[in-house]
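Letter by letter, the chains look like this.
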Amino acid sequence: LSFLGQGTRLVSAGTDAHSVRFWGIGSGEEKEGIVLQGMSKGVARVVSLSPDDELLAVGGIDWSVRIYRTKDSMRPPAWGGVLCAHWGIISCLAFTPDSSLLASGSDDGTVRLWSMSTGQQVA
């Protein structure tokens, strides 16, 4: 789960035909369910929105993390948007306060740190 914008919406991983779902905070109603490019049905397990609201990270059972630009119709960044280095299901995601790095944790027992400007693993 991750809050969007000024906390007026919530985004969650979808385990059905939708990769992610957006919810209204006040109403608790689903506002939108979307299928993200490159995400297969039921793969998404964890989501995180960058503090600047520019990037959405989605981790899944396929051992990968996918990055989408929220202000560009949920398209991946120019570097492709796929982060692969884990050997297990992605279990947690967190952006740094300046949105420049993403940490990903996996059932393989590792945490990896990624540059959002290049998609390269930095630690």
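Heads up: the structure comes first, above all this text.
Heads up: these notes are all about the structure in this document.

Calculation notes
Residue positions within a chain follow its written sequence, with the count starting from 1. At least 70 in pLDDT is required for a residue's local features to be given in this predicted model, at least 80 for side-chain atom pairs to be given and counted, and no such filter applies to totals for whole chains, interfaces and linings, which use all residues. Hydrogens and water are ignored here; the side-chain numbers use all heavy atoms of the structure. Any carboxyl oxygen of Asp or Glu that lies within 4 Å of a side-chain nitrogen of Lys or Arg is treated as forming a salt bridge with it. Remark: exposure states derive from per-residue accessible area (1.4 Å probe, protein chains only) relative to the maximum for the residue type, with buried under 20%, exposed over 50%, and partly exposed in between. Two strands pair under a simple rule: DSSP has to find at least two bridges between them. The numbering of helices and of strands both runs from the N terminus, where a helix is a DSSP run of H or I of at least 4 residues and a strand a run of E of at least 2. Angular values range over 0 to 180 degrees, each being the angle between N-to-C directions of two axes fitted as lines to C-alpha atoms, with helices fitted over their stretch in contact.

Focus: the pattern of salt bridges
In step 1: Summed over all chains, the structure comprises three salt bridges.
In step 2: R69 is paired through a salt bridge with D72; the nearest N and O atoms lie 2.3 Å apart.
In step 3: Here R69 falls in the partly exposed class, since its relative accessible area comes to 28%.
In step 4: Its salt-bridge partner being R75, residue D72 comes within 3.2 Å of it at the nearest N-O pair.
In step 5: Residue R75 is classed as partly exposed on the basis of its relative accessible area, which comes to 43%.
In step 6: A cluster of three or more residues bridged by salt bridges with shared partners is formed by R69, D72 and R75.

Topic: the sheet that holds strand 10 (residues 101-106)
In step 1: Taken in spatial order, the three strands of this open sheet run 9-10-11, and their pairing is antiparallel. The open sheet has two edge strands, strand 9 (90-95) and strand 11 (111-115), and neither has a second partner. With direction set aside, neighbouring strand axes in the sheet form an average angle of 20°.
In step 2: Of the pairings in the sheet, the one linking strand 10 to strand 11 comprises five bridges and is antiparallel in character. Note that in strand 11 the partner of S104 across the bridge is R112.

Some remarks on unusual backbone geometry
In step 1: Even without being a glycine, W63 presents a positive backbone phi close to 70°.
In step 2: Checked against the element boundaries, W63 lands in the loop between strand 6 (55-60) and strand 7 (64-69).
In step 3: Owing to a relative accessible area of 35%, W63 belongs among the partly exposed residues under this scheme.

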